[in-house]
Amino acid sequence: MRYASPVSEPLHLVATCVLGLEEFVDAELAEMGMAGRERQRGAVTFTGSWEDCWRANWRLRTANRVLVELGRYTAVDGPGLAAGALSLVKGRAGRTGTAGIDPGALLHPDRSFSIHATVSDSPIRDARWAALSVKDGLVDGQRERYGRRADVDRQDPDLHLRLRLHATEAILLLDTSGEPLDRRGYREVSAAAPVREQLAAACVLASGWDGTGPVVDPLCGSGTLLIEAAWFALGLAPGSLRLSWAFERLPGFDAAAFERLRREPLPAPGPGVRLYGNDLSPAALRAARTNLDGAGLAGRATLIRGDFRELAPPAEGPGLVLANPPYGERVREEEDQWRALGDLLKQRFKGWRAAILAGGQSRGKGIGLRPRRRIPVWNGPIEARILLFDLF
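All of the points below concern the structure found in this document. On a predicted model such as this, the values are computed, not experimentally measured, just so you know. (Residues numbered from 1 in each chain as written. Predicted model: local features only at pLDDT ≥ 70, side-chain atom pairs only at ≥ 80, totals over all residues. Heavy atoms only, no water.)

**Some thoughts on unusual backbone geometry**
Most peptide bonds take the trans form, and the phi angle of most residues other than glycine is negative. What counts is decided by this rule: Numbering of helices and strands starts at the N terminus; helices are DSSP runs of H or I of at least 4 residues and strands are runs of E of at least 2. For every residue, the accessible area (1.4 Å probe, protein chains only) is compared with the maximum for its type, and the residue is labelled buried under 20%, exposed over 50%, or partly exposed between those bounds.
Cis geometry is adopted by the peptide bond preceding Pro318, which originates at Gly317 and carries an omega value of 5°. Of note, Pro318 is situated in the loop between β10 (301–305) and β11 (320–323). Of note, the phi angle at Asp121 is positive, near 50°, even though the residue is not glycine. Relative to the helices and strands, Asp121 is located in the loop between β5 (113–120) and α5 (127–146). Asp121 sits in the exposed class, given a relative accessible area of 65%. In this model, Ala167 sits at a positive phi of 55°, which is unusual for a non-glycine residue. Looking at the secondary structure, you find Ala167 in the loop between β6 (159–166) and β7 (169–175).

**Considerations on empty space enclosed by the protein**
Picture a little ball the size of a water molecule; that probe, rolled over the atoms, points out where space is still empty. Rule in force here: Only protein atoms enter the calculation, which uses a 1 Å grid: trapped sets of points that fit a 1.4 Å probe without letting it out are cavities, open sets showing protein on both sides within 12 Å along at least five of seven lines are pockets, and any residue with an atom within 4 Å of a point is a lining residue. Grid points are joined across faces, edges and corners, and a volume is the space filled by probe spheres set on the points. Ten residue types, Ala, Val, Leu, Ile, Met, Phe, Trp, Tyr, Cys and Pro, are classed as nonpolar, four, Asp, Glu, Lys and Arg, as charged, and the remainder, Gly among them, as polar.
Counted according to the given criterion, the structure contains one cavity of 30 Å³ or more. Approximately 50 Å³ is the volume found for the largest cavity. Taken together, Asn57, Leu60, Leu181, Arg183, Arg184, Pro238, Gly239, Arg242 and Trp245 make up the full set of residues lining the largest cavity. Tallied by class, the residues present in the lining of the largest cavity amount to four nonpolar, two polar and three charged.

**Focus on the packing of aromatic side chains**
Note the threshold: When the centres of two rings from Phe, Tyr and Trp lie within 6.5 Å, Trp using its six-membered ring, the rings pair. Their planes under 30 degrees apart give stacked, over 60 give edge-to-face, and anything left gives tilted.
Summed over the entire model, instances satisfying the criterion amount to 13 aromatic pairs. Here Trp54 and Phe253 contribute two aromatic rings whose centre-to-centre distance is 5.2 Å and whose plane-to-plane angle is 70°, an arrangement assigned as edge-to-face. Of the two residues, Trp54 is situated in helix α2 (residues 50–59) and Phe253 in the loop between α7 (224–234) and α8 (255–262); the sequence distance between them amounts to 199 residues. Owing to a relative accessible area of 5%, Trp54 belongs among the buried residues under this scheme. An aromatic cluster is defined as three or more aromatic residues linked by ring pairs; in this entry it consists of Trp54, Trp58, Trp245, Phe247, Phe253 and Phe258.

**Observations concerning the pairing of β6**
Spelled out, the test is: The handedness rule is simple: strands pointing away from the viewer, and a clockwise path from the first strand over the helix to the second, make the crossover right-handed. Criterion used throughout: strands pair if DSSP finds at least two bridges between them.
Alternating positions in β6 separate cleanly, Leu159, Leu161, Leu163 and Leu165 being buried on one face and His160, Arg162, Arg164 and His166 remaining unburied on the opposite face. Tracing the backbone out of β5, into α5 and back to the parallel element β6 gives a crossover that is left-handed. Of the pairings in the sheet, the one linking β6 to β7 comprises seven bridges and is antiparallel in character. Its bridge partner being in β7, Leu163 is matched across the sheet by Leu172. Counting the residues that bridge the hairpin from β6 to β7 gives two residues, and of these Ala167 lies at a positive phi of roughly 55°.

**Let's talk about the layout of surface pockets**
The volume enclosed by the largest pocket comes to roughly 1,100 Å³. For the largest pocket, the lining is made up of 38 residues, of which Arg41, Gly42, Ala43, Thr118 and Arg164 are closest to its centre. Among the secondary structure elements, those contributing two or more residues to the lining of the largest pocket are β1 (11–16), β2 (35–40), β3 (43–48), β4 (65–74), β5, β6 and β7. Grouping the constituent residues of the lining of the largest pocket by class yields 16 nonpolar, 13 polar and nine charged.

**Regarding α8**
Threshold: Directions pointing from the helix axis toward each C-beta atom define the arc. Any pair of residues with heavy atoms lying within 4.5 Å of one another is described as a contacting pair. Within 3.5 Å is the distance limit for a polar contact, defined as a pair of N or O atoms, with the added protein rule that one can donate a hydrogen and the other accept it, and that residues adjacent in sequence qualify only through two side-chain atoms.
Of all the positions in α8, only Ala257, Phe258 and Leu261 are classed as buried. Within α8, the buried residues cover an arc of 100° as seen down the axis, which keeps them to one side. Residues of α8 that are buried in the fold lie against α2. Its side-chain oxygen at 3.1 Å from the backbone nitrogen of Ala256, Asp254 defines the N-terminal cap of α8.

This is the structure in structure tokens:
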């Protein structure tokens, strides 16, 4: 049973992201040739085919998930949420699905589902109750259309549904990613407070680095920044090691077409890239070594144990410096760390580019260098900045 309309009716797609990364997701989608792009808070919407949906999942370095809009309607209370969901399944006039999708055919009782809801500026405050109301409407619609209902499976559903309720507008979406896209498959071991893969990739893309020269991380932790830089330089898709996506379980999935898509070449601006990581913690270096090996990069990496203040740049520079300094327990310790990092960049990395993810209380204000740009982002619940420097 198919669920997509002819190709002439494009899907309404949504790539979600960390707040502050919208411009990078937009730029990645533009490079893929995606149409109808529009930035929103924590997302970029666009239009395309199912193959475009798969391609976005495979290639996006800075996004969290790729969603397909199933339908939208007005709801001010629980019964309104349920009634709108029921109408989507039954296909009633005025409550139809979005172009390219028949929600009633997709939401067949043979397919289990789960629902995750988010609520903002709405008369309905409880996200769990909103999800329950939509679930009730969906299964009532299934009973009316098919005479039976689907199972709800919160652990391993066939359909990952997401409800976004903003003010009085309810939008029902299908999550085609399943696991978040930051689950690249190479991080086998984590150090303390690791940077998320999307933020690491955003630091690389924001830096303007062209892939020339080595990559150095003076405080490398578990190696995420080094890995994301190398995968960009080598033209490796962020989905390269991933084992599965939710869209593979959807009706109409074409495994042969997806395999052809996976073989599409990506730009590889730095085929000879070398990586240099430094950390004072033996445990962090062990984690970095394991993760670099899992990412297929062990032969390109040199890891050093030592104080970053004493780090010397590799002879084949200049290149790119990346860092995610740990947040000090006391303000004075944090200020000393930032001052030392600024001194390192000024004195030893002249001619290099640098992208520093700055969190903590100061967010890098004590570094003693004027960044060419500060990009506000959120690293989980922590407000941070990507600081960009051209050390020319």
